[in-house]
Each structure stands twice: as C-alpha cells, then as structure tokens.
Amino acid sequence: MPLVLIVDDSPTEIFKISQILSKNGYDVLTAESGELGLDIAKQKMPDVVLMDIVMPGLNGFQATRQLSRDPDTSGIPVIIVTTKDQETDRLWGQRQGAKGYLTKPVDSKGLLKAIDAVLN
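These numbers were taken from a predicted model, which means no experiment stands behind them. Within each chain, residue numbers correspond to sequence positions counted from 1 in written order. Reporting of local features is limited, given that this is a predicted model, to residues whose pLDDT is at least 70; pairs of side-chain atoms are given and counted only at 80 or more, and all residues count toward the totals for whole chains, interfaces and linings. Each side-chain value is worked out from all heavy atoms of the structure, with water and hydrogens disregarded.

(A) Here's a closer look at the UniProt feature "modified residue: 4-aspartylphosphate" (unreviewed entry) in the protein. UniProt positions are given in the numbering used here, feature names are shortened, and annotations may be inferred rather than shown by experiment. Under the present numbering, the feature "modified residue: 4-aspartylphosphate" (unreviewed entry) in UniProt falls on D52. The residue D52 is located in the loop between strand 3 (48–51) and helix 3 (60–69) in this model. Throughout, a residue-residue contact means that at least one pair of heavy atoms, one from each residue, lies within 4.5 Å. If we ignore the near neighbours within four places in the chain, the residues touching D52 are V7, D8, D9, G60, V81, T82 and K104. Numbering of helices and strands runs from the N terminus, with a helix taken as a DSSP run of H or I at least four residues long and a strand as a DSSP run of E at least two residues long.

Shown next, in the form of structure tokens:
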C-alpha cells in the first residue's frame, strides 16, 4: 500500500486525515512540524507528503521547497493541505514544488482523488 506522510501541527487534522487514509488502505506516517516532516521524509521515503502551510518554525512552503529541491526527496510528490485559500497561495505552493493543493476541511473524495492523481 502507498505510504503517506501527513505534516500538520494540528492533532485534530492529523487524526481526521489519518482516518480517511487508513480506511482506504493507505499506510500513514505523521509529523507535527516542518522540520520533523523533512526528517521523516528523508528516512522513510513516503509515496506522498500531505503538507500543511501554517506551522511554527519551518512552514509548509519552506518544507515543500526543501523536499522538492533535495535530489534525494525531489521525486516525492507534495500536496499542500491548508486553510489558506487565496490564488496567490496556490501559485506560491506550485512554485515551491507542490503537485497538488487542497483546502481544509478536506473531504475524503477530494483527498483520495488528489493522492491518486500524483501517484499515477
């Protein structure tokens, strides 16, 4: 099964997204910060990273940029999952290397469709 890393500082969001993914056969890893997310991504090499933007320390844009620019992790697609719903945020996310962009609250169909799109 595909391995998905959820990087989000909200335990509630991690729980909700983990539930959706687990019910649909995905293996899930979680990280509560951008820094931890980078470490886990480098160690475990997930198939997809779901990245929040607004986090203390290293934010999601910065973490996405680091993942997409690092030769070891550049092949891991990042989907941004955030409350930020401005077109400028979407464009900035793409410029950092994100392959997808979802706004919270995510619905299970949209989430699974976005993951499927970056895996195929």
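From this point, the discussion proceeds with the structure in view.
(B) The arrangement of the pattern of salt bridges in detail. When a carboxyl oxygen of Asp or Glu is within 4 Å of a side-chain nitrogen of Lys or Arg, the pair counts as a salt bridge. Overall, the coordinates contain six salt bridges when judged by the stated rule. Residue K16 pairs with E13 through a salt bridge whose shortest N-O separation is 3.4 Å. Remark: E13 and K16 occur in helix 1 (residues 11–23); sequence separation between them is three residues, near one turn of the helix. For E13, a relative accessible area of 11% translates into the label buried. The partner of R90 in a salt bridge is D85, and the shortest N-O contact between them spans 3.5 Å. For R90, a relative accessible area of 25% translates into the label partly exposed. A simple rule labels every residue: compare its accessible area, found with a 1.4 Å probe on the protein chains alone, to the largest value its type can have, and call it buried under 20%, exposed over 50%, or partly exposed in between.

(C) Quick look at the nonpolar core. Ranked by size, the top nonpolar core spans 17 residues in total, and within it I17, L21, L50, I79, L111 and I115 carry the most contacts. Secondary-structure elements contributing two or more residues to this core are strand 1 (3–7), helix 1, strand 3, strand 4 (78–82) and helix 5 (108–119). Excluding anything up to four places from it in sequence, L50 contacts V4, L5, I6, V7, I17, L21, I79, V81, L111 and I115. The next biggest cluster of nonpolar side chains, apart from the first, holds 14 residues, and it includes L5, L38, M51 and A63. Nine residue types can take part in a nonpolar core, namely buried Ala, Val, Leu, Ile, Met, Phe, Trp, Tyr and Cys, and a core is a set of them joined through side-chain atoms within 4.5 Å.

(D) Local environment of the UniProt feature "domain: Response regulatory" (unreviewed entry) in the protein. Sites flagged by UniProt as "domain: Response regulatory" (unreviewed entry) map to residues 3–119. This span, residues 3–119, is 48% helix and 20% strand, and a straight line between its end C-alpha atoms measures 11 Å.

(E) Layout of unusual backbone geometry. The omega torsion of the bond from K104 to P105 falls at -5 degrees, within 30 degrees of zero and hence cis. Topologically, P105 is positioned in the loop between strand 5 (100–103) and helix 5. Notably, M45 is not glycine yet its phi reads approximately 50 degrees, a positive angle. Assignment of secondary structure puts M45 in the loop between helix 2 (34–44) and strand 3. A residue is classified by how much of its surface remains accessible, and M45, at 39% relative accessible area, is partly exposed.

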